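Single-letter residue listing:
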Amino acid sequence: MSVESLPVRDASVHVRLLQQYLVLLKRYPILTKSVTSGLLSALGNLLSQILEARKKATRGAPVKAIDTAGAGRYAIYGLLVTGPVSHFFYQLMEVWVPSTDPLCIVKRLLLDRLVFAPAFLLLFYFVMNILEAKGWEDFEKKMKGSYWTALKMNWKVWTPFQFININFVPVQFRVLFANMVALFWYAYLASVRK
């Protein structure tokens, strides 16, 4: 049985999108990862708002309109912080803990979970506070009120995904993999920070 390859123009939309993403990823890796991060971060925020609205509606509570500015803040964070920072972190991880290291699986996971995750979550709280035009007191209040809870949840939720990501996903796809998980993680963060 012969297998016929399809020209790009005859391929499905999904295949063409993937092909275009791969071209952009190769030509403009940081920009592609940043834009993807921004879009998926905004979608995560919108998902959080929709889920919260549905929960309120089932209880008969008043439902607020979608906060497009909130989704915009998440898009900015993803574009300017998540994409570039994650790109460089995963690149540096390859240098700091090469796959030739016999304990690389454990070291990479510990580096990610005990160093990167707490710092990145702190950065998230700080940048969001700035984007929300709130003062230092609000930042301290949110840190005291939900940072530790969010970090523990981060460790619970992200550890298995990051184990797979940093040890088995090719480095050029790690930000995308993390962004897919982050779509739901940002929905959680948006709800816990309120």
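I will try to describe carefully the structure that is included in this document. Keep in mind that what you see is a predicted model, and the values were worked out from it rather than measured.

1. Considering the nonpolar core
So, step 1. In terms of nonpolar packing, the biggest core is built from 30 residues, with Tyr77, Leu121, Phe124, Tyr125 and Tyr186 touching the most fellow members.
So, step 2. Contributions of two or more residues to this core are made by helix H3 (68–96), helix H4 (104–131), helix H5 (136–168) and helix H6 (174–192).
So, step 3. Top element by residues in this core is H4. It accounts for ten residues.

2. Examining the packing of aromatic side chains
By convention here, two paired aromatic rings are described through the distance between centres and the angle between planes.
So, step 1. Scanning the model with the defined rule gives twelve aromatic pairs in all.
So, step 2. Where Tyr77 meets Phe124, the ring centres are 5.2 Å apart and the plane angle is 90°; that geometry is what we call edge-to-face. Pair noted here: Tyr77 is in helix H3 and Phe124 is in helix H4, with a separation of 47 residues, a long-range link.
So, step 3. Residue classification places Tyr77 among the buried positions, given a relative accessible area of 1%.
So, step 4. On the basis of an interplanar angle of 90° and a centroid distance of 5.8 Å, the ring pair of Trp148 and Trp155 is categorised as edge-to-face.

3. Brief notes about a nonpolar patch on the surface
So, step 1. Side chains of Leu103, Ile105, Val106, Leu110, Leu114, Val115, Phe163, Ile164 and Phe168 sit close together on the surface and give an oily, nonpolar patch of about 830 Å² of accessible area.
So, step 2. When contributions to the nonpolar patch are tallied by element, the ones reaching two or more residues are H4 and H5.
So, step 3. Sort the elements by how many residues they give to the nonpolar patch and H4 lands first, with five residues.
So, step 4. The residue Phe163 is located in helix H5 in this model.
So, step 5. Phe163 sits in the partly exposed class, given a relative accessible area of 31%.

4. Some points on the environment of Val169
So, step 1. Take Val169: it is sitting in the loop between H5 and H6.
So, step 2. A relative accessible area of 13% places Val169 in the buried class.
So, step 3. Once residues lying within four places of it in the same chain are set aside, the contact partners of Val169 are Ile164, Arg174 and Phe177.

5. Things to note about the packing of H4 against H5
So, step 1. Taken N-terminus to C-terminus, the directions of H4 and H5 make an angle of 150°; their axes are 8 Å apart at the nearest point. Put simply, H4 runs roughly antiparallel to H5. Note that H4 runs across H5; the crossing there is right-handed.

About the criteria used
- Residues numbered from 1 in each chain as written.
- Predicted model: local features only at pLDDT ≥ 70, side-chain atom pairs only at ≥ 80, totals over all residues.
- Heavy atoms only, no water.
- Core = buried A, V, L, I, M, F, W, Y, C linked by side-chain atoms within 4.5 Å.
- Buried < 20%, exposed > 50% of the residue type's maximum accessible area, 1.4 Å probe, protein only.
- Helix = DSSP H or I, 4+ residues; strand = E, 2+ residues; numbered from the N terminus.
- Phe/Tyr/Trp six-rings, centres within 6.5 Å; stacked < 30°, edge-to-face > 60°.
- Patch = residues over 30% accessible without salt bridge, like charges linked within 9 Å, V, L, I, M, F, W, Y side chains within 5 Å.
- Areas by Shrake-Rupley, 256 points an atom, 1.4 Å probe, with all protein chains shown as cover.
- Salt bridge = Lys/Arg side-chain N within 4 Å of Asp/Glu carboxyl O.
- Contact = heavy atoms within 4.5 Å.
- Axes fitted to C-alpha atoms, helices over the stretch in contact; angles between N-to-C directions.
- Parallel < 35°, antiparallel > 145°, perpendicular 65-115°, else oblique.
- Left-handed = near helix turned anticlockwise from the far one by under 90°.

Without other data, these values stay purely geometric and don't point to any function.
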